[in-house]
Amino acid sequence: MSRDFSFDRIAPVYDKLSYLAFRGSVTRAQRYFLSTIPPQSNVLIVGGGNGDILIDLLERVVPAHITYVEASVAMMHRAKRKITGYRQTNSNLSLPTITFIQGTERDVDSTKMYQVAITNFVLDMYQGSSLDGMMQRIDSLLSEDAVWLFTDFRYSSRLMNRIWQKPLAQFMYIFFHFTANISVQALPNYDSHFRKVGWDEKQHQSFFGDFISSNIYTRTKQISQRDFSSKNR
Ligand SMILES: C[S@@+](CC[C@H](N)C(=O)[O-])C[C@H]1O[C@@H](n2cnc3c(N)ncnc32)[C@H](O)[C@@H]1O
């Protein structure tokens, strides 16, 4: 998709709308795998939105450093405000440094190496070669043993669920077309895009009737190496 989208207009109500529409499942899904992040990791968050993910992360793990990348000025402003408040009320804690980048993954210093990437409800804004390009860029910033936490809307494998999920996804895309100028119209096949950049799903947990999926991906190489060594034990 073209990068002409902007979440600035919707930023003030985004969290409330998402909470009301999905009865808190969006938040629960985003939190689900956070505590699996190894302590002292360098964490890259792309498209973090209003910043709740930062607080959720800091309450569960102690990363060495966080880089927070967000395209929307208004979303970024809110995220910074939330973290300033959090630092003030938790001044007794030693919190990691956070680098805020108002931009996209392309603006991240390519000499940096991360052990964790978090992309929540952002890959669904892309498709085709734009999605591949974005994922390749994130992949290039991640170490060999990195984990990629990814939470997003996804069609269920069950037909009965897909019957209501497809129109709901279409409604959401129309809504975001008018409010944020998003041009994508259908959810991508994430697995095939992850496979192209050399990543495979290791674990997942479903929410909201299978429409929201929280996932841990690792490099395909890592999985095959593990299989190989367990077979040779
Ligand atoms: C649908 S919102 C989700 C926000 C947040 N992850 C959440 O779940 O509440 C998508 C966010 O990703 C941001 N975004 C989209 N593409 C991006 C990119 N390539 N780099 C950084 N931010 C991006 C948008 O500005 C928007 O704030």
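Scroll up for the structure.
Presented here is an overview of the structure given in this document. (Residues numbered from 1 in each chain as written. Predicted model: local features only at pLDDT ≥ 70, side-chain atom pairs only at ≥ 80, totals over all residues.)

### Thoughts on the overall build of the protein
Along the protein, the regular secondary structure elements total eight helices and seven strands. For the protein, whose C-alpha radius of gyration is 18 Å, the value lies close to the compact-globule estimate of 17 Å for 233 residues. By residue count, 34% of the 233 residues in the protein fall in the buried class. (Helix = DSSP H or I, 4+ residues; strand = E, 2+ residues; numbered from the N terminus. Rg over C-alpha atoms; globule rule 2.2 N^0.38 Å. Buried ≥ 20, exposed ≤ 12 C-beta atoms within 10 Å, placed from the backbone.)

### Here we look at the sheet that holds strand 1 (residues 42–46)
The strand order across the open sheet formed by seven strands is 3-2-1-4-5-7-6, and the pairing between neighbours is mixed. Looking at strand neighbours, the two that pair on one side only are strand 3 (97–102) and strand 6 (199–207), the edges of this open sheet. With strand direction ignored, the average angle separating the axes of adjacent strands in the sheet is 15°. Both strand 2 (residues 65–70) and strand 3 contribute to a ladder of six bridges, which runs parallel. Paired with H65 across the bridge in strand 3 is T97. (Pairing = 2+ DSSP bridges. Axes fitted to C-alpha atoms, helices over the stretch in contact; angles between N-to-C directions.)

### Concerning the nonpolar core
Ranked by size, the top nonpolar core spans 55 residues in total, and within it V43, L44, I45, Y114, V116, A117 and W148 carry the most contacts. Top contributing element to this core by residue count: strand 5 (residues 142–153), with seven residues. Ignoring anything within four residues of it in the chain, the contact list for L44 reads T67, V108, Y114, V116, A117 and L141. (Core = buried A, V, L, I, M, F, W, Y, C linked by C-beta atoms within 7 Å. Contact = placed C-beta atoms within 7 Å.)

### Structural notes on the site of the ligand
Taken together, 17 residues lie around the ligand, and G47, G49, A71, S72 and T104 are the ones closest in. Among the residues forming the shell around the ligand, the class breakdown is nine nonpolar, six polar and two charged. (Near = placed C-beta within 6 Å. Nonpolar A, V, L, I, M, F, W, Y, C, P; charged D, E, K, R; others polar.)

### Let's talk about helix 5 (residues 128–140)
Between its first and last C-alpha, helix 5 extends 18 Å over 13 residues, near the 18 Å set by a 1.5 Å rise per residue. Burial in helix 5 covers these residues: L131, M134, M135 and I138. An end-on view of helix 5 places all buried positions within 95° of arc, on one side of the element. Looking at helix 5, the residues exposed on the side facing more than 90 degrees away from the buried face are S129 and S140. (Expected span 1.5 Å × (residues − 1). Arc of directions from axis to C-beta.)

### Concerning the pairing of strand 7 (residues 212–219)
Counting buried positions along strand 7 yields six of eight residues, so the element is predominantly enclosed. Pairing of strand 5 with strand 7, which is carried by seven bridges, proceeds in the antiparallel orientation. Paired with F150 across the two strands is N215, which belongs to strand 7. Between the antiparallel neighbours strand 6 and strand 7 lie four residues, among them F208 with a positive phi of about 50°.

### Some details on the pairing of strand 2
Buried residues dominate strand 2, accounting for five of its six residues. Direction of pairing for strand 1 relative to strand 2: parallel, over a ladder of five bridges. Its bridge partner lying in strand 2, V43 is registered against I66. Handedness of the crossover joining strand 1 and strand 2 through helix 3 (residues 52–60) is recorded here as right-handed. This β-α-β element, strand 2 to helix 4 (residues 73–89) to strand 3, shows right-handed connectivity. (Right-handed = clockwise from strand over helix to strand, strands pointing away.)

### Remarks on the environment of D145
Along the chain, D145 turns up in strand 5. Spatially, the C-alpha atom of D145 lies 7.5 Å from that of T218, the residues being 73 residues apart in sequence.

### Observations concerning the environment of N50
In this structure, N50 sits in the loop between strand 1 and helix 3. Look at N50 and you get buried, because 22 C-beta atoms sit within 10 Å. Residues N50 and R195 lie 145 residues apart in sequence; the distance between their C-alpha atoms is 29 Å. Contact partners of N50, with chain neighbours within four places excluded, come to A11, Y14, D15, M75, R78 and A79.

### Focus on helix 4
The end-to-end C-alpha distance of helix 4, which contains 17 residues, comes to 25 Å, matching closely the 24 Å that a straight helix rising 1.5 Å per residue would cover. Against helix 1 (11–22), helix 3, strand 2 and strand 3 lie the buried residues of helix 4.

### What to know about unusual backbone geometry
A positive phi angle, near 45°, is found at R23, a position not held by glycine. A count of 11 C-beta atoms within 10 Å places R23 in the exposed class. Of note, F121 is a non-glycine position whose phi angle comes to about 55°, a positive value. Within the secondary structure, F121 sits in the loop between strand 4 (114–120) and helix 5.

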